[in-house]
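Descriptive structure summary
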Amino acid sequence: MLRYTNRPFTSSNDLMKVYRMAYEKAKYMRDIDDKLLAYNEVIDYCSHSKQCQLDDSVKRNQILFWTYNNIGDIFLQKNNEQADAHNYLYAVEYYQNALEFTKNIRDKHHVLEKIAHIYGELQDEAGWRKTHEQMALIEDDNMKRQAFMELANGTDDLRLQAKYLEHALNFVTEENVSVLEKCKNTLAICARLLEIYQYAKDKKNYERILELQKNTLELLD
């Protein structure tokens, strides 16, 4: 049960004070549920303040990111002490909430890695794959081709392979490599897509990729 604090929100500095108190309390608490209650006071404090809800400052969002991420970590800790799939699901829920409050790519990647690990433990292949797709999409454009190629190489599902290869194809030109290397990468992806579309009897996509292959070969002449 959440505990509501009656202090009015006036600035993100006030929220920081609430967070620091919660952090200090949680740090010395042994009972995991007490730790959760401590951090929930931060969420409760903001949820009862219209000003806090409307505040979109970097500081306020960073504090809420820390809070939701810490709660997710606590649920993982709780699962280590008392294995229960619900703890994993709660952790995922709080991690996903945390993602809403940060634009920092490193923070997002770290949280998504934890979510992917949970889906792996739950043997939820769809969740694991969706999370890795999110991780690929937040990569720098220079790295996205490689990220989607790795996803394509990690599945036997031809439909998924085609999806990931198409994504990879979209980012070939974004890589910091020579034109020759970009052409080689394009041709390698085209070759794989042609096999898939031929097998699937997908004439429209087969002809589209065949035309791209032809145009790319002309660039190399």
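Placed above this text is the structure.
A few points on the structure. Every chain is numbered on its own, with residues counted from 1 as its sequence reads. This being a predicted model, a pLDDT of at least 70 is required before a residue's local features are given, and a value of 80 or more before pairs of side-chain atoms are given or counted; all residues contribute to the totals for chains, interfaces and linings. Only hydrogens and water are set aside when side-chain values are computed; all heavy atoms of the structure are taken into account.

So, on to the side chain of Thr216. Strands are runs of DSSP state E lasting at least 2 residues, helices are runs of H or I lasting at least 4, and numbering of each runs from the N terminus. Along the chain, Thr216 falls in helix α11 (residues 203-220). Only protein chains enter the area calculation, which uses a 1.4 Å probe; residues under 20% of their type maximum are buried, those over 50% are exposed, and those in between are partly exposed. Overall, the relative accessible area of 5% leaves Thr216 in the buried class. Those residues in contact with Thr216 that sit more than four places away from it in its chain are Cys183, Thr186 and Leu187. By definition in these notes, contact holds between two residues if any of their heavy atoms fall within 4.5 Å.

So, about the state of the cysteines. Only a pair of cysteine sulfur atoms within 2.5 Å qualifies as a disulfide here. Taken as a whole and judged by the stated rule, the model has one disulfide. Note on cysteine connectivity: Cys46 is disulfide-linked to Cys52, with sulfurs 2.0 Å apart. Of note, the bridge from Cys46 to Cys52 carries an S-S torsion of about -100 degrees and is left-handed in sense. Of the two residues, Cys46 and Cys52, both sit in the buried class. For the unlinked cysteine Cys183, the closest cysteine sulfur is that of Cys190, found at 10 Å.

Turning our eyes to something else, we now look at unusual backbone geometry. Of note, Gln123 is a non-glycine position whose phi angle comes to about 55 degrees, a positive value. If you trace the backbone, Gln123 turns up in the loop between α6 (105-121) and α7 (125-137). You can call Gln123 exposed: its relative accessible area is 74%.

This part covers α6. The end-to-end C-alpha separation of α6 is 24 Å, in line with the 24 Å expected for 17 residues at 1.5 Å each. Here α6 has its buried residues at Val111, Leu112, Lys114, Ile115, Ala116, Ile118 and Tyr119. Those residues of α6 hidden inside the fold are in contact with α4 (58-81), α5 (85-99) and α7. Taking the backbone nitrogen of Arg106 as reference, a side-chain oxygen 2.9 Å away marks Asn104 as the first, capping residue of α6. After α6 finishes, the residue Gln123 shows a positive phi value of roughly 55 degrees. A helix is expected to span 1.5 Å multiplied by its residue count minus one. Polar contact is the term for a pair of N or O atoms within 3.5 Å; when the atoms are in protein, one must be able to donate a hydrogen and the other to accept it, and sequence-neighboring residues count only if both atoms are side-chain atoms.

It is worth stressing that arrangement in space is one thing and function is another; only the former is reported here.
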